[in-house]
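Architecture and fold: a report
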Amino acid sequence: MNLKKRVTIGSKINNLGDNMAINEEARDAVGDYKAGWHDPENSTIRFDFGLSEKVVRDISALKEEPEWMTEYRVKAYNQFKDRPMPSWGNSEVLQEIDFEKICYYLRSSDSTEKDWEDVPDDIRNTFDRLGIPEAEQKWLSGVTAQYESEAVYHSIREDLESQGVIFLDMDSGLKSYPELVKKWFCSVVPYTDNKFAALNTAVWSGGSFIYVPKGVTVEMPVQAYFRINAKNMGQFERTLIIADEGSSIHYVEGCTAPTYSTDSLHSAVVELVALPGSHIRYSTIQNWSANVYNLVTKRGIAHENATIEWVDGNIGSKLTMKYPAVILKGEGAHAEVISVAYSGKGQHQDAGAKIHHLASNTTSKILSKSISKNGGRGSYRGLVKVSPKAENCKLNVVCDALILDEDSRSDTYPTMEVSNPSARCEHEASVSKVSDDQIFYLMSRGHSEEEALAMIVNGFFEPFTKELPMEYAVELNQLMALEMEGSIG
Amino acid sequence: MGSQTPLLNIEKLHAGIDGVEILKGIDLKINEGEIHAIMGRNGSGKTTTANVVMGHPDYEVDSGKVTLSGTDLLNLEPWERARSGVFLSFQYPQSVPGLQVGNFLRKSVSSVLGEDFAKGSEFRDKLKSSIEELGIPRSFLSRYVNDGFSGGEKKRFEILQLMLLRPKLAILDETDSGLDIDGIKTVAAGIKASIKGTTSGALIITHYSRILEHVKPDKVHVLIGGEIVATGGYELAIELEEKGYDWLKNK
Ligand SMILES: Nc1ncnc2c1ncn2[C@@H]1O[C@H](COP(=O)(O)OP(=O)(O)OP(=O)(O)O)[C@@H](O)[C@H]1O
Ligand SMILES: [Mg+2]
C-alpha cells in the first residue's frame, strides 16, 4: 500500500513540530491516510440504518422544520426511490452502495458553538488536528465545522456581520431566515435533477447558508470543514450561497473522513445564486478517505455580468462523481471551472464541468487536470451548451491528463452542443506520461526520484494551485508530495 | 602529478541499453583542473557515456569502473552523484511545465550544495550576476523549466545551472550546438575560468572545433563504435574537422 495522505488543509505548515506529532499518531492509528484516525463515537442521537419516509419525517421533526420543508423532503424521497441509478460515471461501483446500510442522521453534539472551547473535547481535538482553529485566526473571515450531520462550530467576523453578511449553518439559516431560504432552496438544483440530489433534499442536514448584501465584498475567504467520523455514515450537507448585486465572496470547503473497511456516503448539494454584477468563487479540496462515495451536485446561476468560479480539487474518495455547473442566465455573465483530480489505487474520479450559455455575450472557461497512478482511473466528463438565442458566446475547454504508470487510466468525454453559430469555441485535450528522461533530468539536479515526480506533478497542477489561497496551495503541494512518496517501483 | 587521484576515472567501461552493448570498454582519466573533449560521429556513444556517468536508470553497466576523486559513482543514485559534484549539461534538456525556473534553481542549489546556499542574498546575487553574464532576461525566472525555450535558450539555461551548482566535474553534451557565436564565446570563457587552475574538471562533448578553439582542452578523445580510438591535443580536433572520421575507422 503506497497511498499516503495527510490533511492539515487550512493549517499553517510552519508549525511543523505539531503537525509531525499529529501525523505519527494518525499513521499509527490508521496506516497511511493522514486524516484517517477516528474518534470514539459519542453520539447523542443516532438513527437506525436505512431509509424510509418515516426517517425523512423524523429528521424534519427533530429539526422542528416548517411544513413546506417537510413536504419538500417527502417529495424528494419519493423521487429518490423511483429514480434509477445514473448510467454514467461508474455504474459498477455505484451498484455497490447499499442504501439500507447507511446511517442517515447522527448528532454528536447538542448545539452549534461560537467558541471552540465549548465544542465537546473529542470533536474539538479532531478539528485541532486538522488545523482549523489556527487557520481561522490567521486567514479566514468565518468558519463552520460540521461533524457527522450537524455543525458543531460556527463563527463569523464581527465586521462582516455588521455589514449584514449572513453566514450560518443551513439549519440555523432555515430557522432565522425562512423566507430567504424558501425563495432560493431548490431553485438552482431541483430535487428532480438526479437521484442523489433527490436523496440530499430528502435527508439534508447541515451545510452552509450565506447571504452577501448588495455591494459588500468579503475580502478573506470563509471556510466550511466537513468531517465524517462514524462508520457507515451518510453526510448530506446542503449549501446555499446568495451573492446580491455587486457583492463578492470566496467560500472554501475541505473534507476528510477516517479510513474504515466499510463505506460511507457523502452526497451534498450546493446551490449558488450570483445576482447581477456579483462574484462567487467556491473552492473545494476533497480529501475523503478511500472508502467514501462522494456524489455531489454543485450548480450556480449567474445573472447579468456576474461571475461564478468553481475551483475543485479531488484527491480522496473511492468514487467521486461531481460536475460543477454554471448556468449563464444573464448577459455578460462569466463562468470558470478549474479542477484537478488525483486517482490512486482503487480510486475513480469522474469529474468535470457543465456550462449552459443561456444569454448573449457570456463567456466560460473550463480547465481540467487529472493524474492517475497505481491503477487509478480519472475521467473528465464535460458538457458545454449554447442556446440558440445566445449570441457571441465564448467558450474555452482544456483538459489535460497525466498518467504515471501503465496500470492507470484516463478518459475524456467532452460534449459541446452549440446551437448558435456566432459562438467561438476552443477545445484542447492532451494526455501525457512522465518520461524517464524527465525524471532523470531532475534527478541530475540533486532531486530524489520522489522529489522529481512531485515536482512534475505539482507543475502539472500549477494552473490550479495558483488559483488557491496560498495556504491551500502549499498544503496541496505537500499532499501531492506525500501521494508520490513510495510510489516509485 | 602522476600519483594524484584522477578527478574522473573511467576504466574498461562496458554499458548498454535493452541488452544491446553500446560502450565497449571506455578508458578515460580527467585530472583536477583539466578540460577534455570527446568527439565522434552520431551514434558513437557520447551521450551514453555522459548518461552512464550521471546514472541514467535506463542504462545497464555490464562491467568497468567509474570513480570521482576515488569514490565509486556506479553505486550511487543520480541525485547522490549530483550532490557529490557531477553535473551534466544535457544535449536535449527536458521541459517541466508548471515548474518555475526561479523556484527550480533555488531547490536545486539547496539539494546539491545545501540549504544555506539557497537562502538569502548570496544566492540572489549569484543568480543575478550569472543571468547577466549569460544574457538571460530576468523574466525567465518566472517561466517554466525549458517550456517553450528556444534551442539556444535551453543551452544557456543549462550553463546557468552549471554556474549555480558549482560542480567538481562538468559534462557538457553538445552545449555548443544551438548556441549563437556570442553564446559559444561566453560559455567557453565561463568554462575556462571555472576549471583551469582549480580542482574541478570538465568533459566537453562536441562535433565542432569552434568551442575547443576558445577553451583549449588538455585532451581530445575520439569515440567510434563505443570505444576511444584516438586521443590527442587540440590539433586532433582541427584534423578531424578537415578529414572526418573515416581515416580513424580501422585503427
Ligand atoms: N534509449 C535507447 N534505446 C535504444 N537505443 C539507444 C538508446 N539510447 C541510445 N541508443 C543507441 O545507442 C547508440 C549511441 O547513442 P548516443 O546517444 O550515445 O550517441 P551520440 O554519440 O551521443 O550521438 P549524437 O552525436 O547523435 O548525439 C545509438 O545507436 C543509439 O541509437
Ligand atoms: Mg549525443
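Residues numbered from 1 in each chain as written. Chains lettered and ligands numbered in written order. Predicted model: local features only at pLDDT ≥ 70, side-chain atom pairs only at ≥ 80, totals over all residues. Heavy atoms only, no water.

Some thoughts on unusual backbone geometry
The condition that has to hold: Per the convention used, a helix needs a DSSP run of H or I reaching at least four residues, while a strand needs a run of E reaching at least two, with both numbered from the N terminus.
One non-glycine residue with positive phi stands out, namely Asn305(A), at about 55°. Within the secondary structure, Asn305(A) is located in the loop between strand S14 (292–302) and strand S15 (307–314). Here Ser69(B), not a glycine, exhibits a phi torsion of approximately 45°, which is positive. Tracing the backbone through its elements, the reader meets Ser69(B) in the loop between strand S4 (59–68) and strand S5 (71–72).

Concerning the sheet that holds strand S10 (residues 248–256) of chain A
Residue and element names in this part refer to chain A. What counts here: Strands are labelled as partners when DSSP assigns at least two bridges between them. All axes here are fitted lines through C-alpha atoms, helices being fitted over the stretch that makes contact, and every angle between N-to-C directions spans 0 to 180 degrees. It only takes one pair of heavy atoms within 4.5 Å for two residues to be counted as in contact.
A sheet is described by the order of its strands in space; here 10 strands give the open sequence S4-S3-S7-S10-S13-S15-S18-S20-S22-S24, paired in mixed fashion. This sheet does not close on itself; its edge strands, each paired only once, are strand S4 (150–156) and strand S24 (424–433). The sheet shows a mean angle of 5° between the axes of neighbouring strands, direction not considered. Along the sheet, helix H5 (residues 121–129) contacts strand S3 (142–147), S4 and strand S7 (222–227); its crossing angle with S3, the most-contacted strand, is approximately 125°.

Topic: the site of ligand 1
All names here are of chain B. Where we set the bar: If even one non-hydrogen atom of a residue comes within 4 Å of a molecule or strand, that residue is called near it. Nitrogen and oxygen atoms within 3.5 Å of one another constitute a polar contact, given that in protein one can donate a hydrogen and the other can accept it, and given that sequence-neighbouring residues count only through two side-chain atoms. Each accessible area is a Shrake-Rupley result for a 1.4 Å probe, and residues are judged covered by the shown protein chains and nothing else.
Close contacts around ligand 1 come from 14 residues, with Gly43, Lys46, Thr47, Thr48 and His207 the closest. Glycine 43 is positioned with one of its backbone polar atoms (N or O) 2.8 Å from an oxygen atom of ligand 1. With respect to ligand 1, the side chain of glutamine 91 contributes an N or O atom lying 3.0 Å from an oxygen atom. Calculation on ligand 1 without its partners gives an accessible area of 630 Å², and the protein chains cover 61% of this total. Looking at the shell around ligand 1, the element that brings in the most residues is helix H1 (residues 46–54), giving three residues.

Remarks on the sheet that holds strand S3 (residues 35–39) of chain B
Residue and element names in this part refer to chain B. Taken in spatial order, the six strands make up an open sheet running S6-S9-S10-S3-S11-S12, and their pairing is mixed. Here the strands that pair on one side only, and so sit at the sheet edges, are strand S6 (86–89) and strand S12 (227–232). Strand-to-strand, the axes of this sheet are offset by a mean angle of 20°, without reference to chain direction. Sheet analysis places strand S11 (residues 219–224) next to S12, joined by five bridges and oriented antiparallel. For leucine 223, the partnering residue across the bridge sits in S12 and is isoleucine 228. The strands touched by H1 are S3, S6, strand S9 (169–173), strand S10 (201–205) and S11; relative to S6, the strand with the most contacts, the crossing angle is about 145°. The strands touched by helix H6 (residues 151–165) within the sheet are S6 and S9, with S6 carrying the most contacts at an inclination of about 165°.

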